[in-house]
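Chain and residue survey
Here is what each chain is made of, one letter per residue.
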Amino acid sequence: MTPPPAPAAARIDLHTHSTASDGTLTPAELVRAAADAGLDVLAITDHDTTDGWAPAVAALPPGLTLVRGAEISCRWYATEPAVALHLLAYLFDPEEPELVAELARVRAAREVRGERIVELLRADGIDVSWPEILARAAGGTVGRPHIAQALIRAGLVATTTEAFGAAWLGERYRLPKADIDVFRAVRLVRAAGGVPVFAHPRASRRGPIVSDELIIELAAAGLAGLEADHEDHSPAERAHVRGLAAELGLFVTGSSDFHGTHKTVRLGAFTTAVEAYERIVADATGVTPVAST
């Protein structure tokens, strides 16, 4: 069934996380919080998983439209060291075999990496427990924020931001994981009927970023949009992303990248224009947005 068009003044947040990955709200809590925040359209984009889709749909409150998606862990391997980047994938078929297999592989790699990080911490006398971290993840895709919470509980850091600093998970205890080659990820999302968007492409405060030349190549390979308005982009970086998107004929999105209490940003802090949302819906052939009745 085709969802109703978004109203002209709709508030649209296309990048959020639940406990299906590293957010602190369950999928049901997330959609209710989105409605309470005055959003009209919300995308659930947990890391490398679609496990939050069904419970989010089941709890969808009146007046909210849900875009089902995922944030895919990718890497550009043409440089040394390889550069990590994230791809937001919207409205793809969650049963497309190749994509399902790759997402499962990345989730397994995340778990292996998490356990290795904990081993490094424990070797330095830091009392964190991998079984406890797994238990608190409650079946969600394990990420560094879960380990950051363990460091907070141990009284070693005060915030997730501090835990992601160079002395901890940002450098000293940071390990790579086996991500998907970004060009392969774009192809897989397209093959599954989805719409791929580059998440926070100029967020230099997070670490190394890729060149505009790579984004040009990705656009030729099927990339549809760029996330411009994001808390990790400076005003100059947002302007750069918008200019590049205009040159390439890509749409731009804005979103909160909400993680609950793991981050300070709130739902709807940044939003996407209705025109960009409509391009995503028109381009997708995997699944459709779900509107509450």
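Everything numeric here is computed off the predicted structure, so don't read it as measured data.

It is worth spelling out the packing of aromatic side chains at this point. Counted by the stated rule, this structure contains 2 aromatic pairs. With a centroid separation of 5.2 Å and 55 degrees between ring planes, the pair formed by W53 and F92 is classed as tilted. Linking W53 in helix α2 (residues 53-58) with F92 in the loop between β4 (83-90) and α3 (97-123), this pair joins segments that are 39 residues apart in sequence. Take W53 and F92: they sit in the same class, and that class is buried.

Within the secondary structure, H230 sits in the loop between β7 (225-229) and α9 (235-248). Within the local environment of H230, its side chain forms a polar contact with the side chain of D257, the two groups lying 2.9 Å apart. Setting aside residues up to four positions removed in sequence, H230 forms contacts with H15, H200, R206, R238, S255, D257 and F270.

Next up on the list: unusual backbone geometry. Cis geometry marks the peptide bond from E80 to P81, where omega comes out at 0 degrees. Its place among the elements puts P81 in the loop between β3 (65-76) and β4. Phi is positive for H200, close to 30 degrees, though the residue is something other than glycine. Positionally, H200 belongs in the loop between β6 (195-198) and α8 (212-221).

On to the environment of I126, then. Along the chain, I126 turns up in the loop between α3 and α4 (130-137). Of the residues examined, I126 reaches a relative accessible area of 11% and is grouped as buried. Apart from residues no more than four positions distant in its own chain, I126 is found in contact with L121, L151, L156, W168 and Y173.

Counting buried positions over the 10 residues of helix α5 (residues 144-153) gives 7, a clear majority of the element. Contacts made by the buried residues of α5 are with α3, α4 and α6 (160-163). Backbone geometry just downstream of α5 places G155 in the positive-phi region, at approximately 75 degrees.

This model, assessed by the stated rule, comprises 17 salt bridges. In this structure, the salt-bridge partner of E98 is R184, at a minimum N-O distance of 3.5 Å. Separated by 86 residues along the polypeptide, E98 in helix α3 and R184 in helix α7 (residues 182-191) bring together distant segments of the chain. A relative accessible area of 43% means that E98 is categorised as partly exposed. Residue R184 is classed as partly exposed on the basis of its relative accessible area of 29%. As a salt-bridge pair, R206 and D232 come within 2.6 Å of each other at their nearest N and O atoms. With R206 in the loop between β6 and α8 and D232 in the loop between β7 and α9, the pair connects residues that are 26 residues apart, well separated along the chain. You can call D232 buried: its relative accessible area is 11%.

What counts and how
- Numbering of residues begins from 1 in every chain and follows the order in which that chain's sequence is written.
- Given that the model is predicted, a residue must reach a pLDDT of at least 70 before its local features are reported, and side-chain atom pairs must reach 80 or more before they are shown or counted; all residues, however, enter totals for whole chains, interfaces and linings.
- Just so you know, side-chain values use all the structure's heavy atoms and leave hydrogens and water out.
- Pairing of aromatic rings covers Phe, Tyr and Trp, the last counted by its six-membered ring, and requires centre-to-centre distances within 6.5 Å; plane angles under 30 degrees mean stacked, over 60 mean edge-to-face, and any other angle means tilted.
- Helix and strand definitions here come from DSSP, where helices need a minimum of 4 consecutive H or I residues and strands a minimum of 2 consecutive E residues; each element is numbered from the N-terminal end.
- The classification of residues rests on relative accessible area computed with a 1.4 Å probe and restricted to protein chains. Under 20% of the type maximum is buried, over 50% is exposed, and intermediate values are partly exposed.
- Any pair of N or O atoms that falls within 3.5 Å is considered a polar contact. Within protein, one atom must be able to donate a hydrogen and the other to accept it, and sequence-neighbouring residues count only if both atoms are side-chain atoms.
- Throughout, a residue-residue contact means that at least one pair of heavy atoms, one from each residue, lies within 4.5 Å.
- Any Lys or Arg side-chain nitrogen found within 4 Å of a carboxyl oxygen on Asp or Glu counts as a salt bridge.

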